[in-house]
Amino acid sequence: MKVKYQRYFPSFAWGLLALPPLRHILESSMVTHMLIQLPALAFVGWWFGQGFSKDLTRKIALWNQWGITGMVLVVITMFYWMLPRALDAAISEPVFEAAKFFVIPLFIGTAFNLSWSSLPPIAQGVLKLEFWATFMRLGWLYIVLPDRLCANYLLGDQRILGYILLILGSVWAVSWALKILFGIRWRWA
Amino acid sequence: MKTLFLSTFLGISGLMILWVGTDGGRAFTAETARRLEVQERPKLVPIWHLEDQNSKILTLSDWANHYTVVDFIYTSCTSACLVLGSELQSLQKKFELALNDNKLRLLSISFDPEHDTPERLRTHLSHFSGDGEHWVAARPTSLAERKEILDFFKVTVIPDKMGGYTHSAGYHVINPHGQLVAIFGVEEYSMLQDYLSLALSKEGIDES
């Protein structure tokens with residue numbers, strides 16, 4: 001009985017994110033849009049993937065050896081949604097907004113869930129590093145750019161996002177270094 | 001084999017989507033995209049009724065047969081509009097001949113029609129020594145019209161959390177056929193000048 005209910009949790013969370021009150025609040029600032037709403041949507045997709053039956057996962061794995069197909073999907077989708085233009089479109093054009101709510105959970109979250117663990121360790125390392133570098137690059141860019149990238153957000157917002165990205169990236173780098181140098185592990189790392 | 005096939009397929013279609021989504025790697029922001037769009041596909045400007053600084057109603061058909069440079073402002077603005085205003089002022093000086101010859105018009109549209117009464121628009125013009133005849137300031141006559149105009153020009157206006165607005169700032173050029181043909185950013189003022197000089201010389205007006 002419990003298991004049956006749990007299957008609906010991701011859809012419930014997805015619905016909550018899609019409903020106007022929460023959606024509007026999160027989209028009102030660039031910081032919450034990029035750092036809360038988009039990751040939350042990806043997480044919902046990841047959660048949804050957890051509920052896949054063994055049979056289904058096996059069938060998908062045939063097309064997703066070593067997790068390659070899934071990661072191609074994840075990387076391309078992330079590239080697209082990092083475009084300032086895409087973020088603007090999601091706010092001003094309903095079609096793009098709807099697309100965001102399907103594409104990010106499925107193509108990033110679910111695809112990640114089904115692929116990451118089967119990915120070879122070296123590929124994992126490369127992707128992690130690249131993901132971290134993207135954080136730092138974007139953070140730096142958002143701080144130094146004199147112009148607004150998104151027509152729907154203020155320059156101040158963009159700067160704050162830049163600083164947060166740099167801080168998160170640095171924390172990540174430090175915790176990583178500690179792990180590699182001294183074998184210190186956090187439970188969640 | 002299946003993996004290779006599917007991931008290549010996804011990779012290629014993904015790159016194609018990125019390519020199309022950025023207009024072939026040229027427009028990564030909505031602002032560049034809107035400039036590129038009118039440059040490649042000029043759009044016919046619909047007929048609107050605007051109220052000018054003398055409470056006179058203007059329609060776009062009044063603007064036919066000459067080039068029009070449009071900027072978007074609100075009179076209580078303390079940043080971008082001041083730059084726009086002073087650059088239109090120099091434009092007014094530089095293209096005096098064309099203006100007097102009715103080959104060029106300047107138009108400042110307020111997107112804050114509730115506050116920007118004709119009187120305030122008049123003050124705005126006088127602040128930049130706008131002549132009020134060849135350089136006109138006007139406001140939409142209704143909020144529905146305001147939205148239509150902003151949507152047409154794809155100008156985004158957002159509250160700046162200090163009681164004012166932040167908005168897409170630029171110069172929108174409408175040609176004598178009533179088509180929106182070019183958009184220049186504030187930083188592209190010199191390009192705007194070159195564009196107008198060229199366009200007007202084709203019309204037989206030579207500015208020195």
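How each quantity is defined
Residues numbered from 1 in each chain as written. Chains lettered and ligands numbered in written order. Predicted model: local features only at pLDDT ≥ 70, side-chain atom pairs only at ≥ 80, totals over all residues. Heavy atoms only, no water. UniProt positions renumbered as here; feature names shortened; annotations may be inferred. Contact = heavy atoms within 4.5 Å. Buried area = accessible area lost by both parts, 1.4 Å probe. Salt bridge = Lys/Arg side-chain N within 4 Å of Asp/Glu carboxyl O. Polar contact = N/O pair within 3.5 Å; in protein donor to acceptor, adjacent residues only side chain to side chain. Helix = DSSP H or I, 4+ residues; strand = E, 2+ residues; numbered from the N terminus. Nonpolar A, V, L, I, M, F, W, Y, C, P; charged D, E, K, R; others polar. 1 Å grid on protein atoms, 1.4 Å probe; cavity = no way out; pocket = protein on both sides within 12 Å on 5 of 7 lines; lining within 4 Å. Points joined across faces, edges and corners; volume = space filled by probe spheres on them.

- The name recorded for chain B in an unreviewed UniProt entry is Electron transport protein SCO1/SenC, from Candidatus Nitrosoglobus terrae.
- The UniProt entry for chain B carries the following comment under Sequence similarities (unreviewed entry): "Belongs to the SCO1/2 family."

- An unreviewed UniProt entry lists chain A under the name Transmembrane protein, with Candidatus Nitrosoglobus terrae given as the organism.

### Here we look at the interface of chain A and chain B
Phase 1: Each side of the interface is counted separately: chain A has 22 residues, and chain B has 27 residues.
Phase 2: Here chain A packs against chain B, burying approximately 2100 Å² in sum over the two surfaces, 71% of which is carbon and sulfur.
Phase 3: Of all residues in chain A, W63(A), R85(A) and L154(A) give up the largest surface area on contact with chain B, accounting jointly for 33% of the area buried on that side.
Phase 4: Connecting chain A to chain B are 1 salt bridge.
Phase 5: A salt bridge links R85(A) to D23(B); the nearest nitrogen and oxygen atoms lie 3.1 Å apart.
Phase 6: Linking chain A to chain B there are 7 residue pairs in polar contact (both at pLDDT 80 or more).
Phase 7: Breaking the side of chain A that touches chain B down by element, the ones donating at least two residues are α6 (68-81) and α7 (84-92) of chain A.
Phase 8: Here the side of chain A that touches chain B takes 7 residues from α6(A), the largest share from any one element.
Phase 9: Here the residues of the side of chain A that touches chain B are counted per class, giving 14 nonpolar, 4 polar and 4 charged.

### Thoughts on empty space enclosed by the protein
Residues and elements named next belong to chain B.
Phase 1: What the rule picks out here adds up to 1 cavity of 30 Å³ or more.
Phase 2: The computed volume of the largest cavity comes to approximately 30 Å³.
Phase 3: Where the lining of the largest cavity is concerned, the elements lending two or more residues are α2 (30-40), α6 (143-153) and β10 (179-185).
Phase 4: Ranked by residue count, the leading element in the lining of the largest cavity is α2, at 3 residues.
Phase 5: Here the residues of the lining of the largest cavity are counted per class, giving 5 nonpolar, no polar and 4 charged.

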